[in-house]
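Report on the structure
Chain by chain, the residues run as shown.
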Amino acid sequence: RRAAVTGPVGVGVIGAGMISEQYLDNLTTFPDVTVHFVADLDVARAASQAERYGVPASGTVDELLARPEIEIVVNLTIPAAHVQVARSIIASGKHAFTEKPFSLDRETGRALLADAAARGVRVATAPDTFLGPGLQTGKRLIEEGAIGTPLTALVLFQNAGPEAWHPNADFYYAPGAGPLFDMGPYYLTALVQNFGPVARVSATGSTSRQTRVIGSGPRAGEEFAVRVPTHVSALLEFEDGGSAQCVFSFQSALRRTGFLEIAGTEGTIVFPDPNYFEGDLVVHTESSEPVTVHSVADAGRGTGVVELARAIRAGVPERASGAQAFHVVDIMESMLEAADTGQWVTVESTVERAKSLPDGWDPREATL
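Attention in this report is confined to the structure presented alongside it. This structure is a prediction, so every number in the text was calculated from the model and none was measured. (Residues numbered from 1 in each chain as written. Predicted model: local features only at pLDDT ≥ 70, side-chain atom pairs only at ≥ 80, totals over all residues. Heavy atoms only, no water.)

A word on the side chain of N26. Turning to its location among the elements, N26 is positioned in helix α1 (residues 18–27). Side-chain polar atoms of N26 contact the backbone oxygen of R301, separated by 3.0 Å. Not counting chain neighbours up to four residues away, the residues in contact with N26 comprise A299, G300, R301 and R364. (Helix = DSSP H or I, 4+ residues; strand = E, 2+ residues; numbered from the N terminus. Polar contact = N/O pair within 3.5 Å; in protein donor to acceptor, adjacent residues only side chain to side chain. Contact = heavy atoms within 4.5 Å.)

On to the packing of aromatic side chains, then. Given two aromatic rings, one states the distance between the centres and the angle between the planes to describe the pair. Throughout the structure, instances matching the rule amount to 7 aromatic pairs. A ring pair is formed by Y187 and F248, whose centres lie 5.9 Å apart and whose planes are at 70°; its orientation type is edge-to-face. A residue pair is termed long-range when its members are at least 10 positions apart, and Y187 in helix α7 (residues 178–195) and F248 in strand β12 (residues 243–249) qualify at 61 residues. Using a relative accessible area of 0% as the deciding quantity, one classes Y187 as buried. Under the relative-accessibility criterion, F248 is labelled buried at 0%. Judged by centre distance (4.6 Å) and plane angle (15°), the rings of F195 and F238 are stacked. With F195 in helix α7 and F238 in strand β11 (residues 231–238), this residue pair connects regions lying 43 residues apart in the sequence. Like F195, the residue F238 is buried in the burial classification. Aromatic ring contacts, followed pair by pair, group F157, Y173, Y187, F224, F248 and F250 into a single cluster. Over the ring of W344 we find R200; its NZ or CZ atom is 3.9 Å from the centre of that ring. (Phe/Tyr/Trp six-rings, centres within 6.5 Å; stacked < 30°, edge-to-face > 60°. Buried < 20%, exposed > 50% of the residue type's maximum accessible area, 1.4 Å probe, protein only. Lys NZ or Arg CZ within 6 Å of the ring centre and 35° of its normal.)

Packed helices, taken two at a time, are described by the angle between their axes plus the distance between the axes. Orientation of helix α6 (residues 133–143) relative to α7, taken along the N-to-C sense of each, is 25°, at an axis distance of 10 Å. Relative to α7, the element α6 is oriented roughly parallel. As for the relative orientation of α6 and α7, their crossing is right-handed in sense. Across the interface between the two elements, L135, Q136, G138, K139 and I142 from α6 touch A190, Q193 and N194 from α7. Here the residues of the contact of α6 with α7 are counted per class, giving 3 nonpolar, 4 polar and 1 charged. (Axes fitted to C-alpha atoms, helices over the stretch in contact; angles between N-to-C directions. Parallel < 35°, antiparallel > 145°, perpendicular 65-115°, else oblique. Left-handed = near helix turned anticlockwise from the far one by under 90°. Nonpolar A, V, L, I, M, F, W, Y, C, P; charged D, E, K, R; others polar.)

A word on the sheet that holds strand β8 (residues 198–206). Judged by pairing direction, the sheet is mixed, and its 9 strands sit side by side in the order β16-β15-β14-β13-β7-β12-β11-β8-β17 without closing on themselves. Two strands in the sheet have a free side with no partner beyond their single neighbour: β16 (288–293) and β17 (345–346). Across 4 bridges, the pairing between strand β13 (residues 256–264) and strand β14 (residues 268–271) is antiparallel. Directly across from E261, in β14, lies its bridge partner V270. On top of the sheet, helix α9 (residues 322–341) reaches β8, β11, β12 and β17; it is set at about 50° to β8, its chief contact. (Pairing = 2+ DSSP bridges.)

Two elements in contact, α1 and helix α2 (residues 43–53), have axes whose closest approach is 11 Å; the angle formed by their N-to-C orientations is 30°. By the angle class used here, α1 and α2 are roughly parallel. Crossing hand, α1 versus α2: right-handed. Counted together, S20, E21, L24 and D25 of α1 and Q49, R52 and Y53 of α2 form the full contact between these two elements. Taken together, the residues of the contact of α1 with α2 break down into 2 nonpolar, 2 polar and 3 charged.

Here the focus is the environment of V33. With respect to the element layout, V33 can be found in strand β2 (residues 33–39). On the basis of relative accessible area, V33 is assigned to the buried category, the value being 5%. C-alpha separation for the pair V33 and G322, spaced 289 residues apart in sequence, amounts to 20 Å.

Bringing the environment of R227 into the picture now. In this structure, R227 sits in the loop between β10 (223–225) and β11. Judged by relative accessible area, which is 57%, R227 ranks as exposed. Sequence separation between R227 and P162 is 65 residues; the distance between their C-alpha atoms is 15 Å.

That bond from K100 to P101 is cis: its omega, -5°, falls within 30 degrees of zero. Within the secondary structure, P101 sits in the loop between β5 (95–98) and α5 (106–119). Geometrically, the link from A126 to P127 is a cis peptide bond, its omega value of 5° lying close to zero.

Moving on: the pattern of salt bridges. Scanning the entire structure with this criterion turns up 20 salt bridges. Here R209 and E163 are joined by a salt bridge, their closest N and O atoms 3.5 Å apart. Within this pair, whereas R209 is found in the loop between β8 and β9 (211–213), its partner E163 is found in the loop between β7 (150–158) and α7, the two being separated by 46 residues in sequence. Two residues, R219 and E222, come together in a salt bridge whose shortest N-O distance is 2.7 Å. (Salt bridge = Lys/Arg side-chain N within 4 Å of Asp/Glu carboxyl O.)

It is a general feature of regular strands that their side chains alternate between the two faces of the sheet. Only one face of β14 is covered, namely the face carrying I269 and F271; the face carrying T268 and V270 is uncovered. Linking β13 to β14, which pair antiparallel, is a turn of 3 residues. Two elements, β14 and strand β15 (residues 281–285), share 3 bridges in a ladder whose sense is antiparallel. Counterpart to I269 in the pairing with β15 is V283.

Keep in mind that these numbers describe shape and distance, not what the molecule does.
Structure, rendered in structure tokens:
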């Protein structure tokens, strides 16, 4: 069923909701991929997005999966459906690129990886923000020895929660979300990229209120149940000996988001927000004044689809791999278990740390 092995890689998109706009803005302009089809349970919504972005066809998921010209399917469904939809993509013989989180638990994540291996296809996953110039610049600086050997990291993500502004905020307080599963993948992926795999974790968690109230939109005033911890603090130990302290919280009136710093034997780098592709980095050393390094991205979400497409054509591993994404899910599950038990939890999975992208790597370049 695979299309030609040269030229742009054919892409289909499942899920025509809000996040699809960010992907289609980029995917329809990257020369190394061609978007052929948009699918959604709401076929009218799929047709609207296809028309808006000049995609030639739209319809049902089954219709998309039957298209031989589509090699990669971008899975933008809700988190609870990620694994089920990804397994359907794999069963059709196509590669999958799934929005985060990779899975809601270890069991279904392992099944997804096993399916992909058995079928001989790839399953890659957001976040792909770590492929942007912001985090890649920091990774290259560390690889070049700018702060010596990285030893420790500090992650802070805390705010009062999204219900004041999001019209359907109950999603953020259901299993598969919360501050940990919603925002953790961005920060934890960045940590794994720079320190390698996590060996064990300890954690504490809390829930400030059992219910919350939607503050905007047509459902304003509606009360909903909180079903996950709204604050998780964790200590991570990496296989290579480094450590990180992490806070993920929806129960702080003091907003601190996008904070990631890595300290080494000879200095510290303050990274840009891991939820974005660009931003300033600041390098601190004891012997000189802080140095700010600027980074600007010409592309956003969907960058990982291009990196996957190029890796498929070249026959090399993709960087936003399913193995890495599963390891991050394993870390988050281990955090929740540690918070429940009050014990250190061993992270059983591991992953090989991806190499940094070459300086100047550009998803908008035509290479295939």
